[in-house]
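# Architecture at a glance
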Amino acid sequence: MQKEKGNLYLIPCTLGDTPPLEVLPFLVKKAVEEINHYVVEHEKSARRFIKNISPNKNQGSLHISEINKFTADEDIPAMITPCLEGKDVGVISDAGCPGIADPGALVVQEAHKQGIRVVPLVGPSSILLAMMASGFNGQNFAFNGYLPIDKQERKSAIKRLEKLSGEYKQAQAFIETPYRNNQMLESLISSLNKNTSICVACDITLSTEYIKTFTVNEWKRKKVDLNKRPTLFIIQNL
């Protein structure tokens, strides 16, 4: 008789140092307590998360594979071999939901190829939480990852997204390396039409959370320090 395959669980984690059970449902804790095989972005942060959510779990029992920009495509199938042996595997991102703007999506692709059931668990997604709080079009939006670093290329990208937003009534979301957040906001203010709206969603779910939506003209009169704070930017040309 063929052995029943294990499941691939997509396990969300916190977006910062918030106590896990303040933002995660009990089902996430239950999954972490029962699963010993993991695919993670960085082992150190994953072990810290597992310890925070399940302090009594034996760390020595964990089998952890890393998936990041250094991972070769041919190494991915082996990461979910335990599923073929009837064991469950958990995927953990560095922050938020795995598979969303996250290399864990490659493991999910492989699971589907091998007929392994994929089980997404509920948890915080900075993209969705920012969209919810922005007041922008939640029926039509796009996440664009990182914009170019070069100033002129970045300005061109910003103007292109503004044009797309106006043509399709589509909110355009993106992120920046945290230490360049202030420069990004300055670029948006200097590049966009004065009536285009910008949502800045910073430190989502943390005690320092800051989420504001203003027009470019209004942002010119605001002062906020976003340096080294996880931030999501959304624009909409209303």
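All values reported here derive from a predicted model rather than from experimental measurement.

## With respect to the overall build of the protein chain
A tally of regular secondary structure across the protein chain gives 10 helices and 10 strands. Seen along its three principal axes, the alpha-carbon backbone of the protein chain occupies a region of about 65 × 35 × 30 Å. Taken over 238 residues, the protein chain has a buried fraction of 45%. Intrachain contacts of the protein chain at a sequence separation of at least 6 include 74% that bridge at least 24 residues. Looking at the protein chain, you have 29 positive and 26 negative side-chain charges, and the mean spots of the two groups are 7 Å apart.

## Observations concerning the sheet that holds strand β4 (residues 89-92)
Spatial ordering of the open sheet is given by β3-β2-β4-β1-β5, a layout of five strands whose pairing is parallel. Among the strands making up the open sheet, the edge pair consists of β3 (63-66) and β5 (118-120). Ignoring which end each strand starts from, the neighbouring axes of this sheet average 25° apart. Pairing between strand β1 (residues 8-11) and β4: four bridges, direction parallel. Counterpart to isoleucine 11 in the pairing with β4 is isoleucine 92.

## A short note on the pattern of salt bridges
Evaluated as defined, the whole model comprises eight salt bridges. Note that lysine 29 is salt-bridged to glutamate 33, the shortest N-O span being 3.0 Å. Of the two residues, lysine 29 and glutamate 33 are both situated in helix α2 (residues 26-34); the distance of four residues between them amounts to about one turn of the helix. In this structure glutamate 33 comes out as partly exposed when scored by relative accessible area, which is 39%. Because the salt bridges share partners, they merge into one network encompassing Arg154, Glu176 and Arg180.

## Details of unusual backbone geometry
For lysine 169, which is not glycine, the phi torsion reads 55° and is therefore positive. Not every positive phi belongs to a glycine, and aspartate 203 is a case in point at roughly 55°. With respect to the helices, strands and loops of the structure, aspartate 203 is situated in the loop between β8 (197-202) and β9 (210-215). Aspartate 203 gets classed as buried once you look at its relative accessible area, which sits at 6%.

## Notes on the sheet that holds β9
The sheet built from five strands is open, its strands ordered β6-β7-β10-β8-β9 with mixed pairing. The sheet terminates laterally at β6 (141-146) and β9, the two strands that pair on one side only. Going across the sheet, the axis of each strand differs from the next one's by a mean of 15°, ignoring polarity. Where strand β7 (residues 171-175) meets strand β10 (residues 231-236), four bridges bridge the pair, whose relative direction is antiparallel. Paired with isoleucine 175 across the bridge in β10 is leucine 232. The sheet strands contacting helix α8 (residues 151-168) are β6, β7 and β10, and the helix crosses β10 at an angle near 55°.

Rules used throughout
- Residues numbered from 1 in each chain as written.
- Predicted model: local features only at pLDDT ≥ 70, side-chain atom pairs only at ≥ 80, totals over all residues.
- Heavy atoms only, no water.
- Helix = DSSP H or I, 4+ residues; strand = E, 2+ residues; numbered from the N terminus.
- Buried < 20%, exposed > 50% of the residue type's maximum accessible area, 1.4 Å probe, protein only.
- Contact = heavy atoms within 4.5 Å.
- Lys, Arg positive; Asp, Glu negative; His and termini not counted.
- Charge placed at Lys NZ, Arg CZ, Asp CG, Glu CD.
- Pairing = 2+ DSSP bridges.
- Axes fitted to C-alpha atoms, helices over the stretch in contact; angles between N-to-C directions.
- Salt bridge = Lys/Arg side-chain N within 4 Å of Asp/Glu carboxyl O.

Keep in mind these numbers describe shape, not what the thing actually does.
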